[in-house]
Amino acid sequence: MRQILYSKRLAPYLFILPFLVTLAVFWIVPIGRSFVMSFQEVLYGQATFIGTDNYERLWRDRVFWQALYNSMRYMILTIVLLVPIPMVLAAVVNSKLGNPRVKAFFKASLFVPALTSVVVAGIVFRLIFAESDSAMMNQVAEFFGFGPVRWLREDITGLVALLALALWRWSGVNTMYFLAGMQSIPTEYYEAASIDGASKFQQFLHITIPNLKPTIVYVVTISVYGGLAMFLESFMLYAGNSSPNNQGLTVIGYLYRKGIEENDLGFASAVGVVLLVIVMTINLTYLIASGTFKKEAA
Amino acid sequence: MAAQPPTTVRGGSAPQESGTGSTPPDRTTAGPRRLSPRAATWIQSGFLLLIAAIALVPLVAIFIGTFQDGNDVIRRGMTFDVDVSTLSLDNYVLLFTDSGPYFRWFANTLLLTVAQVAGTLLVSSFVAYGFAMYHFKGKTLSFIMVLLLITVPFEMLMLPLYVQVNDMGLADTYLIIVLPFLAAAVTIFFFRQYFLGIPKEILEAGRVDGVTEFGIFFRLVLPISKPAMAAMAILNGMLCWNNFLWPLLVLRTPEKFTLPIGLNTLLTPYGNNYELLIIGAFFSLIPILILFLAFQRFFIEGITAGAVKG
Amino acid sequence: MTTQRTKMSALVAGLAVASLAACSGGGSGEAAPTQNSDGSTNLSMWTFADVHAAYYEEMADQWNDANPEQEIRLDVTVYPYEDMHNKLQLAVNSGEGLPDVVDIEVNKFASFVKGSTPPLVDLTEAAAPYADDVVQARLDLYSKDGKVYGFPTHVGAFVAFYNTELLEGAGIDYTTIETWDDFREAGAEYNAATDKAFGVASTGVNFVEPLITAQLGGEFFDAEGNLQVNSPEVVEALSMEQEMQDAGAISTIPGGSPDSEEAFGAINNGDYAAIVYPAWYTSRFVDYMPDLEGNVAIAPAPVIEGGAAQTIGGGGTGASVPVASPNRDLASDWLAFAKLSPEANVAVWEVLGFDPVNMAVWEDEAVTMNPDNKFNQYFQTNLFDVLNEVKGGIGHLDSFTDPNWPSVDNTFRTVTLNEIFENGVPAQDALDQTQSDLQNELGQ
């Protein structure tokens with residue numbers, strides 16, 4: 001016992017043991033199981049081997065492709081919105097100008113939505129984007145001279161609601177990320193650039209953005225994750241997993257529908273395996289391209 | 001000390017300029033007009049306040065909703081056009097006198113959050129210490145697994161895991177809600193970064209004093225890791241307080257439901273409980289809002305912790 | 001030398017785990033029948049509607065009065081619709097955490113009687129004492145291979161609800177509406193006169209479509225169980241509705257179906273004048289649309305001239321007993337009493353306002369014509385007059401009991417009906433697409 005406690009050779013393995021156990025029990029085994037089940041038909045615990053049937057059905061299932069399209073579209077658009085907008089907001093706040101109290105209030109107000117659970121946020125946004133012409137967003141639409149809009153009943157407007165929810169919840173957090181990133185850029189860079197006669201805008205392009213690269217990499221990484229994992233936002237907004245023409249169905253929603261709602265565990269496992277491959281491909285490509293692996297695993 | 005990137009240029013037409021004397025001549029590309037620092041500050045403040053106001057609209061809406069008739073809110077949506085004469089305290093009376101299991105959900109969520117945060121902090125920092133302080137065979141591979149786990153949505157594994165949980169006889173227990181997340185990849189990653197910044201001399205000093213490897217972690221390293229603990233407590237606490245999908249799958253007994261699951265059960269056309277839904281949703285925000293207002297700095301650090309290090 | 005702090009930490013961690021384990025230990029004691037010291041038995045039940053819970057509690061009281069030696073303590077939990085069925089699905093798969101009695105909505109029922117050993121108790125015997133008086137088609141709905149696995153709550157015969165105040169304002173007499181053609185013409189006339197919607201084209205429920213299909217003598221599956229959602233009758237049914245929509249006789253509704261909160265608001269507001277829906281919709285009027293009291297008349301649903309059936313049952317809930325229940329015998333007996341007995345069927349009408357499956361009640365004028373009844377007070381006409389009028393013509397759609405019906409229903413509710421009524425895709429095209437999508441999904 002004493003030897004173990006003092007052993008510098010054994011200690012690291014004991015330290016990371018909880019992780020290895022978690023990895024094995026809650027990741028590797030389920031993945032293996034998923035893989036096996038994806039070749040089976042599972043009904044009330046009885047499994048029958050059916051070859052690649054599930055995969056073939058999946059390939060031909062229009063709803064799967066639609067769910068994948070919906071998730072990808074959401075992911076890309078959240079990145080398109082949630083990188084530049086918070087970056088600009090952070091730049092405004094980071095300016096030496098301005099009233100510190102206003103800035104503090106701004107930061108707090110923008111951050112509070114991140115504290116709101118998706119369940120509550122989803123309920124509120126569902127009611128703000130309600131069909132009724134007296135609902136908030138329709139009053140806004142009316143103010144600008146159009147509407148009433150049947151927000152959640154149509155594809156693009158439904159997507160707008162989903163993106164509005166994402167923007168509302170995450171702008172504050174991302175702004176803080178960028179703010180932290182900007183504050184770690186040495187002031188001398190800007191001073192040097194100013195002496196060389198670079199304009200503020202050029203400074204932003206040539207100093208701020210390149211120096212924010214680690215932050216951008218991080219924000220994009222979590223946005224990829226968040227985009228592909230998105231389910232609850234849509235589930236709450238549409239008050240369930242069904243939406244008109246499946247416009248709000250995401251890959252996780254599809255997984256949930258097949259596995260839980262339709263009780264087709266074999267097929268759902270095939271979905272899970274395919275999604276895992278897709279996510280791993282995206283992430284590995286991205287992590288390697290951004291150099292994260294080399295840096296962190298060194 | 002803060003760097004000074006340009007402030008935003010709204011619509012490309014309102015260039016702002018810094019008020020500091022040391023700044024060299026301004027050369028904004030956006031236009032020839034120049035504003036006095038005072039005017040620029042006003043514009044900036046107005047802009048920030050406008051965005052802040054928009055961000056607060058949903059919260060104000062749900063607050064007003066707590067005074068409105070629930071059915072009416074669900075039917076007509078939340079509106080700017082609130083009829084003040086219809087507002088009442090009925091929902092508050094309902095919440096405190098006849099809200100069924102609501103406060104039970106509240107207590108459950110609280111218990112679960114505290115237990116999960118405590119467990120995750122302990123286990124994850126423990127693991128992170130191993131990654132940060134030692135060199136050992138298989139470290140690179142193991143750590144790559146940590147990085148991969150950060151990027152794979154847990155939801156993709158929930159079905160086989162759910163089947164497995166049933167086999168293990170752990171369905172409908174709080175234990176299985178917590179267990180998979182004790183060694184949380186993100187938290188491990190963060191603690192590792194933090195520990196890497198701790199001088200190795202502390203370890204050596206401990207060893208010289210005859211402290212075990214684990215003693216060094218618990219007695220010497222953890223006590224100086226409070227800032228990291230605070231940050232991760234907040235991050236994990238929020239995730240846990242709002243956790244939905246996994247508990248939804250695992251829990252069956254209504255007495256064990258957590259707030260998000262319980263609130264979701266109120267969202268049904270056959271339940272007659274929209275009053276409770278709105279006010280219940282609002283009240284679920286209160287603990288976290290109070291904590292935020294009290295520890296705002298820690299919150300922002302906690303949430304942004306992962307990104308800060310470049 | 002390993003210190004106090006280490007021990008403390010271990011202790012705290014241990015306590016946390018122990019407290020979690022303790023919290024989780026409490027719940028579901030299984031295996032042996034769950035009897036209390038006073039001899040009563042605890043029965044747990046899941047349902048997805050608050051009103052059902054009230055009704056079952058009333059039936060538990062009645063049972064206890066009549067059977068003091070077999071008292072039950074009913075514990076009803078109300079979950080949201082989707083959640084409850086998902087939970088049941090998960091619990092059935094694992095065989096654990098099941099209630100003693102459960103309400104299963106008809107469109108989900110088929111998933112629970114899949115395979116050769118359904119996880120539900122065969123209730124045929126328990127039903128025997130009441131079987132003669134009960135509408136057979138409704139028992140068939142929850143049967144498989146001649147075994148009854150669930151008890152119906154109501155017939156759910158399709159009827160039409162007309163807002164007479166609005167119709168009179170537009171000079172329309174609802175009593176002249178007999179066929180769907182009449183309905184279309186009246187709707188077009190109303191729409192032209194008022195510029196408001198008349199009937200409803202639902203995209204979120206698949207109700208009127210099976211009705212018209214059955215009236216046309218069609219099915220969604222052929223005799224061998226092969227999918228045929230683009231069969232001539234289904235196409236005709238949807239085309240008829242599409243024509244009605246083009247004529248202005250039916251329109252989409254907020255919330256996607258009349259049975260949603262947004263729709264209650266719209267109907268209550270007078271935005272729609274005619275709702276063709278199962279008879280149980282009476283309860284929605286009384287509970288959610290108080291402003292229309294006295295303005296709504298119930299009439300037979302429109303028909304096809306010379307059609308196969310006059311009306312069919314729509315929607316419904318089958319109450320079942322999971323095989324895993326330790327109290328399954330008592331639960332089955334109580335459930336038969338609670339759903340099929342004459343007493344129960346009086347309560348179905350009086351508490352829920354549904355059309356009871358035990359037709360003996362339909363004749364009992366003390367019950368049906370009771371002037372104090374809140375449903376009788378709300379509506380201008382008496383539901384049972386309408387039911388007795390169509391009694392001989394209540395048909396049945398076999399497709400409802402096909403194991404693949406849940407998939408069909410789901411695809412119609414999310415995609416097909418949206419394509420037709422929202423996006424204007426011609427019925428034939430939308431149904432052909434649905435047929436090929438579903439064939440792939442079902443592996444046919």
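The rules we used
Residues numbered from 1 in each chain as written. Chains lettered and ligands numbered in written order. Predicted model: local features only at pLDDT ≥ 70, side-chain atom pairs only at ≥ 80, totals over all residues. Heavy atoms only, no water. Helix = DSSP H or I, 4+ residues; strand = E, 2+ residues; numbered from the N terminus. Rg over C-alpha atoms; globule rule 2.2 N^0.38 Å. Buried < 20%, exposed > 50% of the residue type's maximum accessible area, 1.4 Å probe, protein only. Contact = heavy atoms within 4.5 Å. Areas by Shrake-Rupley, 256 points an atom, 1.4 Å probe, with all protein chains shown as cover. Lys, Arg positive; Asp, Glu negative; His and termini not counted. Charge placed at Lys NZ, Arg CZ, Asp CG, Glu CD. Buried area = accessible area lost by both parts, 1.4 Å probe. Salt bridge = Lys/Arg side-chain N within 4 Å of Asp/Glu carboxyl O. Polar contact = N/O pair within 3.5 Å; in protein donor to acceptor, adjacent residues only side chain to side chain. Domains from an automatic or database assignment. Patch = residues over 30% accessible without salt bridge, like charges linked within 9 Å, V, L, I, M, F, W, Y side chains within 5 Å. Expected span 1.5 Å × (residues − 1). Phe/Tyr/Trp six-rings, centres within 6.5 Å; stacked < 30°, edge-to-face > 60°. Lys NZ or Arg CZ within 6 Å of the ring centre and 35° of its normal. pLDDT = per-residue confidence, 0-100. Pairing = 2+ DSSP bridges. Axes fitted to C-alpha atoms, helices over the stretch in contact; angles between N-to-C directions.

1. Points about the overall build of chain C
The number of helices and strands found in chain C is 20 helices and 13 strands. Here chain C has a C-alpha radius of gyration of 24 Å; the compact-globule value for 444 residues is 22 Å, and the two agree. Over its C-alpha atoms, taken along the principal directions, chain C stretches across nearly 90 × 55 × 45 Å. For chain C, the residues scored as buried account for 60% of the 444 residues in total. Of all intrachain contacts in chain C linking residues separated by at least 6 positions in sequence, the fraction that spans at least 24 positions is 75%. Of the roughly 15900 Å² of accessible surface on chain C, a fraction of 47% belongs to carbon and sulfur atoms. Across chain C, the mean location of the 17 positive side-chain charges is 14 Å away from that of the 68 negative side-chain charges.

2. A few points about the interface of chain A and chain B
Tallying the contact residues gives 113 residues for chain A and 122 residues for chain B. Between chain A and chain B, the buried area comes to about 10500 Å², and carbon and sulfur atoms account for 77% of it. The tally of links between chain A and chain B comes to 1 salt bridge. Applying the counting criterion to the chain A and chain B interface returns 13 residue pairs in polar contact (both at pLDDT 80 or more).

3. Section: the domain arrangement of chain C
It is common to give the size of an interface as the accessible area that goes away when the parts come together. Residue and element names in this part refer to chain C. Split into domains, chain C comes out as domain 1 (41-154 + 315-363) and domain 2 (158-312 + 381-442). Inter-centroid distance (C-alpha atoms) of domain 1 to domain 2 is 27 Å. Counting residues at the interface gives 21 residues for domain 1 and 20 residues for domain 2. Here domain 1 and domain 2 share an interface that buries about 1900 Å² over both sides, 65% of which is from carbon and sulfur atoms. When the shortest N-O distance is used, the salt bridge between Glu 363 and Lys 391 registers 2.4 Å.

4. Overview of the side chain of Asn138(A)
Residue and element names in this part refer to chain A. Within the fold, Asn 138 resides in helix α8 (residues 136-143). Side-chain polar atoms of Asn 138 contact the backbone oxygen of Ser 132, separated by 3.0 Å. Once you skip the residues sitting within four places of it in the chain, Asn 138 turns out to touch Ala 130, Glu 131, Ser 132, Asp 133, Pro 148, Val 149 and Trp 151.

5. Side note on a negative patch on the surface
A grouping of Glu255(B), Glu57(C), Glu58(C), Asp61(C), Asp65(C), Glu71(C), Asp75(C) and Glu350(C) is seen on the molecular surface, where their side chains present a negatively charged patch. Ranked by the residues each element gives to the negative patch, the list is headed by helix α2 (residues 50-66) of chain C, at 4 residues. Assessed through its relative accessible area of 49%, Asp61(C) is described here as partly exposed.

6. A few points about the pattern of salt bridges
With the rule as written, the count across this model stands at 23 salt bridges over all chains. With its nearest N and O atoms 3.4 Å apart, the salt bridge here joins Lys258(A) to Glu441(C). Placement of Lys258(A) in helix α14 (residues 251-261) and of Glu441(C) in helix α20 (residues 427-442) is noted, with the two residues assigned to different chains. Between Glu261(C) and Arg75(B) there is a salt bridge; the shortest N-O distance is 3.3 Å. Of this pair, Glu261(C) sits in helix α11 (residues 261-268) while Arg75(B) sits in helix α2 (residues 70-76), which puts the two residues in different chains. Residue class for Arg75(B) comes out buried when judged on its relative accessible area of 14%. Ionic contacts of the salt-bridge type, sharing partners, join the residues Glu131(A), Arg150(A), Arg153(A), Glu154(A) and Glu422(C) into one network.

7. Focus on helix α4 (residues 62-82) of chain A
Residues and elements named next belong to chain A. If you check α4, its first and last C-alpha atoms are 30 Å apart, about what 21 residues at 1.5 Å a residue would give, namely 30 Å. Val 63, Phe 64, Ala 67, Leu 68, Asn 70, Ser 71, Arg 73, Tyr 74, Met 75, Thr 78, Ile 79 and Leu 82 are the residues of α4 that are buried. On its buried face, α4 is in contact with α3 (53-60), α5 (84-94), α9 (155-183), α12 (213-229), α14 and α15 (265-289). The N-cap of α4, judged by a side-chain oxygen 3.1 Å from the amide nitrogen of Val 63 a few residues on, is Asp 61.

8. Looking at the packing of aromatic side chains
Here the structure, examined in full by the defined rule, presents 81 aromatic pairs over all chains. Relative to Phe235(A), the ring of Phe231(A) has its centre 5.2 Å away and its plane inclined at 35°; by these criteria the two rings are tilted. On the basis of relative accessible area, Phe235(A) is assigned to the buried category, the value being 6%. The aromatic ring of Phe143(B) is capped on one face by Arg192(B), whose charged end is 4.0 Å from the ring centroid.

9. A few points about the confidence of the model for chain A
Residues with a pLDDT of 70 or more make up 96% of chain A, whose mean pLDDT is 89. The least confident element of chain A, judged by mean pLDDT, is helix α16 (residues 292-296) of chain A at 66; the most confident is α4(A) at 96.

10. Regarding the sheet that holds strand β9 (residues 274-278) of chain C
Residue and element names in this part refer to chain C. Taken in spatial order, the 3 strands of this open sheet run β9-β6-β10, and their pairing is antiparallel. For this open sheet the edge positions go to β9 and β10 (296-300), each flanked by a neighbour on one side alone. The mean angle between the axes of side-by-side strands here comes to 30°, regardless of whether they run parallel or antiparallel. Sheet analysis places strand β6 (residues 158-163) next to β10, joined by 5 bridges and oriented antiparallel. Bridged to Asn 163 within β10 is Val 296.

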